[in-house]
Amino acid sequence: MLALRKATAAFGADLVHVDAPPSPGAGRVIIAVAAAGICGSDIHAFEWTPGYGFMTAFMPVTLGHEFAGTVRAVGDGVTALAPGDRVTCWPTVACGDCTACSADRPQDCQGRRVVGLHADGAFAQQVVVPAANCRRLPDDLPLAVAALAEPLAVAVNAVDVAEVGPGDRVVVLGPGPIGLSIAFVAQLRGATVLLAGLDDTARLDLARRIGIGGTVDLAGGSLEAAVRHAFGGEADRVIEATGSARSVVEGLAVLRSGGVLVVAGIHSGSLDLDLTGFVRSKKQLRAAHDTTARAFDEAIRLLAAHGGALAALITHRRPLAQAEAAFDLARSRQAMKVLLLPEGVARQEEG
Ligand SMILES: [Zn+2]
Ligand SMILES: [Zn+2]
């Protein structure tokens, strides 16, 4: 079968033929992949930006962790799933026996492995995953839309970490798929949202089309002025999804005393912070990464309820054979979510 693999510690990835998995193994299932989204982490791994060196020990490894498909085979001991079930998957596999895992906090497991980063992922016609990580999908949720579950779950978790509540004034920095999803979820929770981008006309247009109430392109002015204009004062919450340390500094500057700033981007730089001012203002700086089982289930419910609006996040669909061109698209700011469709499987649904 065709697979997009990271084989060397350098820029790029290879589209190669590999053997299909022979049997799932105990507790695991083989999923025929219908759709798999290209994520920011896939782009980091592809471009080989700092912070992804850990992958070297697992290479060659097939990329792709945002996916949905149909169960093809189940291993010994799997009773909750059967061939033909339509599923998506939380790609984070916890170790199962550390302190965090024993305390039912698999999201805090430091030995966790991510399908598509540490183990073979879904940019292939088939992927093998633990059955426990799979979630069955509502019948009327298209598999392409269900492939948004993982990034949406990351967004739900970031909003959870920020403790966004009704009436909160929330600034979201970065209108990529995660930032836009964060804005969407925060708004559903009753917040007033301002989503900020920089030279991001196309993505901010898309944000307005899916119903984000407040958007601003900072090419035209400062974040401070935009927040004052939108909220008449400071923000209660700021959630950063840019990966730029400067945006964290700018975000703290528009946050009220006692407010919460959540860093959700992946950063290759470090933060220079005036600690005395930070302490006196009692601003709360938090980190959100990956997601939780609870947030993952909520993401599937949100897709079932708002799939029509959220489907607009999918701006491009490409066959797996065109993976390299698809990555070029995903790396441009013109695309929001680019889906790879492994041949033969997706066609029935995509038409
Ligand atoms: Zn991702
Ligand atoms: Zn663990």
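Source: prediction; values computed, not measured. (Residues numbered from 1 in each chain as written. Chains lettered and ligands numbered in written order. Predicted model: local features only at pLDDT ≥ 70, side-chain atom pairs only at ≥ 80, totals over all residues. Heavy atoms only, no water.)

### So, the coordination of the zinc ion (ligand 1)
Filter applied, for reference: Because no water is among the atoms considered, metal sites can look incomplete, with donors defined as N, O and S atoms within 2.8 Å of the metal, or 3.2 Å for Na, K and Ca.
Of the protein atoms, only Cys39 (SG), His65 (NE2) and Glu66 (OE) coordinate the zinc ion (ligand 1), at distances of 2.1 to 2.7 Å. Spacing between the donor residues of the zinc ion (ligand 1) along the chain follows C-x25-H-E.

### What to know about the domain arrangement of the protein
This is how the line gets drawn: Domain boundaries shown here were taken from an automatic or database domain assignment. Any two residues whose heavy atoms approach within 4.5 Å are treated as being in contact. What counts as buried area is the accessible surface, traced by a 1.4 Å probe, that two parts surrender upon association, with contributions from both included. Criterion for a salt bridge: a side-chain nitrogen of Lys or Arg within 4 Å of a carboxyl oxygen of Asp or Glu. Polar contact is defined as a pair of N or O atoms within 3.5 Å, subject to the rule that within protein one atom must be able to donate a hydrogen and the other to accept it, and that residues adjacent in sequence are counted only when both atoms are side-chain atoms. Put simply, DSSP marks the helices as runs of H or I at least four residues long and the strands as runs of E at least two long, and each gets a number from the N terminus on.
Domain assignment breaks the protein into domain 1 (2–151 + 291–350) and domain 2 (152–287). Between domain 1 and domain 2, the C-alpha centre-to-centre distance is 27 Å. At the interface, 27 residues of domain 1 touch 26 residues of domain 2. Carbon and sulfur atoms supply 69% of the area that domain 1 and domain 2 bury against each other, a total of about 2000 Å² over both sides. A per-residue breakdown of the area domain 1 buries against domain 2 is headed by Pro151, Arg333 and Met336, which together make up 31% of the total. For Arg189, the salt bridge goes to Glu298, with nearest N and O atoms at 3.1 Å. Put simply, domain 1 and domain 2 have twelve residue pairs in polar contact (both at pLDDT 80 or more) between them. Every element with two or more residues in the side of domain 1 that touches domain 2 is listed here: α4 (149–162) and α10 (293–310). Considering every element that reaches the side of domain 1 that touches domain 2, the biggest residue donor is α10, with ten residues.

### Examining the coordination of the zinc ion (ligand 2)
Put simply, the rule reads: The rule is simple: four donors are tetrahedral if all their angles sit between 85 and 135 degrees, four are square planar and six octahedral if opposite donors span more than 155 degrees and the others lie between 65 and 115, and anything that fits none of that is irregular. We call a residue buried when its accessible area falls under 20% of the maximum for its residue type, exposed when it is over 50%, and partly exposed in between, using a 1.4 Å probe and counting protein chains only.
Taken together, the protein ligands of the zinc ion (ligand 2) are Cys95 (SG), Cys98 (SG), Cys101 (SG) and Cys109 (SG), with distances of 2.3 to 2.4 Å. Note that the zinc ion (ligand 2) binds four donor atoms; their angles at the metal cover 105 to 117°, and the shape is tetrahedral. Overall, Cys101 belongs to the buried group, its relative accessible area being 13%.

### Notes on the packing of helix α5 (residues 177–188) against α10
Put simply, the rule reads: A fitted line through C-alpha atoms represents every axis, and for helices the fit uses only the stretch in contact; the resulting angles, taken between N-to-C directions, go from 0 to 180 degrees. Working rule for angles: under 35 degrees goes down as roughly parallel, over 145 as roughly antiparallel, 65 to 115 as roughly perpendicular, anything else as oblique. The sense of a crossing depends on the near helix, which, turned anticlockwise from the far helix by less than a right angle, makes the crossing left-handed and, turned clockwise, makes it right-handed.
Between α5 and α10, the least distance of the axes is 13 Å, while the angle of their chain directions is 120°. Relative to α10, the element α5 is oriented oblique. The interaxial crossing formed by α5 with α10 has right-handed handedness. Along its contact with α5, which presents Phe184, Val185 and Leu188, the element α10 presents Leu302, His306, Ala309 and Leu310.

### What about empty space enclosed by the protein?
A water-sized probe, rolled over the atoms, reveals where empty space remains. Stated formally: In the cavity and pocket records, a cavity denotes points on a 1 Å grid over the protein atoms alone where a 1.4 Å probe fits but cannot get out, a pocket denotes an open set with protein on both sides within 12 Å along at least 5 of 7 lines, and lining residues are residues with an atom within 4 Å of a point. Grid points are joined across faces, edges and corners, and a volume is the space filled by probe spheres set on the points. Classification used: nonpolar for Ala, Val, Leu, Ile, Met, Phe, Trp, Tyr, Cys and Pro, charged for Asp, Glu, Lys and Arg, polar for all others including Gly.
A complete count under the given rule lists one cavity of 30 Å³ or more for this structure. When its volume is computed, the largest cavity comes out at roughly 60 Å³. Mapped onto the lining of the largest cavity, the elements with two or more residues apiece are α4, α5 and α10. Looking at the lining of the largest cavity residue by residue, the class counts come to seven nonpolar, one polar and no charged. Residue-level mapping places the lining of the largest cavity at the junction of two domains, with at least three residues from each of domain 1 (2–151 + 291–350) and domain 2 (152–287).

### Concerning the environment of Leu188
Assignment of secondary structure puts Leu188 in helix α5. Residues Leu188 and Ile212 lie 24 residues apart in sequence; the distance between their C-alpha atoms is 10.0 Å.

### Quick notes on the UniProt feature "domain: Enoyl reductase (ER)" (unreviewed entry) in the protein
This is how the line gets drawn: UniProt positions are given in the numbering used here, feature names are shortened, and annotations may be inferred rather than shown by experiment.
Here the UniProt-annotated "domain: Enoyl reductase (ER)" (unreviewed entry) positions come out as residues 12–340. Here residues 12–340 is 31% helix and 26% strand, with 16 Å between the C-alpha atoms at its ends.

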